[in-house]
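Descriptive structure summary
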Amino acid sequence: MGDGFRWGRFALMLVPSLVAMTILATGMAQGMVPVSMALSGRQMRVSVDKLSGHGFALYPGVVRSVDGRRHMVLQLAMRSARMYGLCQSTWVDTPFGRYVLRLATRDHRRPSYVSELGISATSLNADVNFGSLLLNQATGTLNRTLGQTDSGTDYGIGARDFTVREVKVGAWAVMGGSFQVNGLKVELGRDVPACF
């Protein structure tokens, strides 16, 4: 133990996090629970094979991370959606090096459901199909689900219905009024792959 590493302190920090993660995973897998996935000052990757639903809005905004820094983002909001192949991952620095924490559905053929979904995104790649598209809308007139204050911009995109495929998002935060995730798998390790 000459390296000065304190196993007791490490366990004291790690165990509550693992317990909270287990409770979150169990709740998401068994039913509809409020969820907010965000890591302090750390971006995450979110991918979905297919996402379809009702009530979509996209507009520029600003979020503040826990270190007090402000970040320009694309705010994406969806009233309700069905998802296939959900994956969320981020890098975590540990005393043993950099690990990947990954939450993903086991079976990409089974849908998961979300309501009042909000994503604060830094990048977005996807194939989209919008129904009843509205362009150049003031942000105050769009149906937003993030609970953020108005960004002060007068440009946004809205759609009544949407289908999005091959979604890859870099994000600061993912928030859902409720999630129902079928077959959730949680992994943490050096060799765990990121979502993309």
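Residues numbered from 1 in each chain as written. Predicted model: local features only at pLDDT ≥ 70, side-chain atom pairs only at ≥ 80, totals over all residues. Heavy atoms only, no water.

**Digging into the pattern of salt bridges**
According to the stated counting rule, one finds five salt bridges in the structure shown. Two residues, arginine 98 and aspartate 93, come together in a salt bridge whose shortest N-O distance is 3.6 Å. Each member of the salt-bridge network shares a partner with another, and the members are Arg102, Lys185 and Glu187. (Salt bridge = Lys/Arg side-chain N within 4 Å of Asp/Glu carboxyl O.)

**Here we look at the confidence of the model for the protein chain**
Residues at a pLDDT of 70 or more form 69% of the protein chain, whose mean pLDDT is 77. Predicted confidence is poor over residues 28–36, with pLDDT under 50, and the contacts of this stretch with residues over four places away or in other chains come to 28 contacts. (pLDDT = per-residue confidence, 0-100. Contact = heavy atoms within 4.5 Å.)

**Observations concerning the environment of phenylalanine 56**
As for its placement among the helices and strands, phenylalanine 56 is situated in strand β2 (residues 44–64). Judged by relative accessible area, which is 8%, phenylalanine 56 ranks as buried. The spacing of phenylalanine 56 and glycine 118 is 62 residues in sequence and 9.9 Å in space, taken between C-alpha atoms. Contacts of phenylalanine 56, omitting those with residues within four sequence positions, involve Leu76, Ala77, Met78, Phe130, Ile157, Gly158, Ala159 and Phe162. (Helix = DSSP H or I, 4+ residues; strand = E, 2+ residues; numbered from the N terminus. Buried < 20%, exposed > 50% of the residue type's maximum accessible area, 1.4 Å probe, protein only.)

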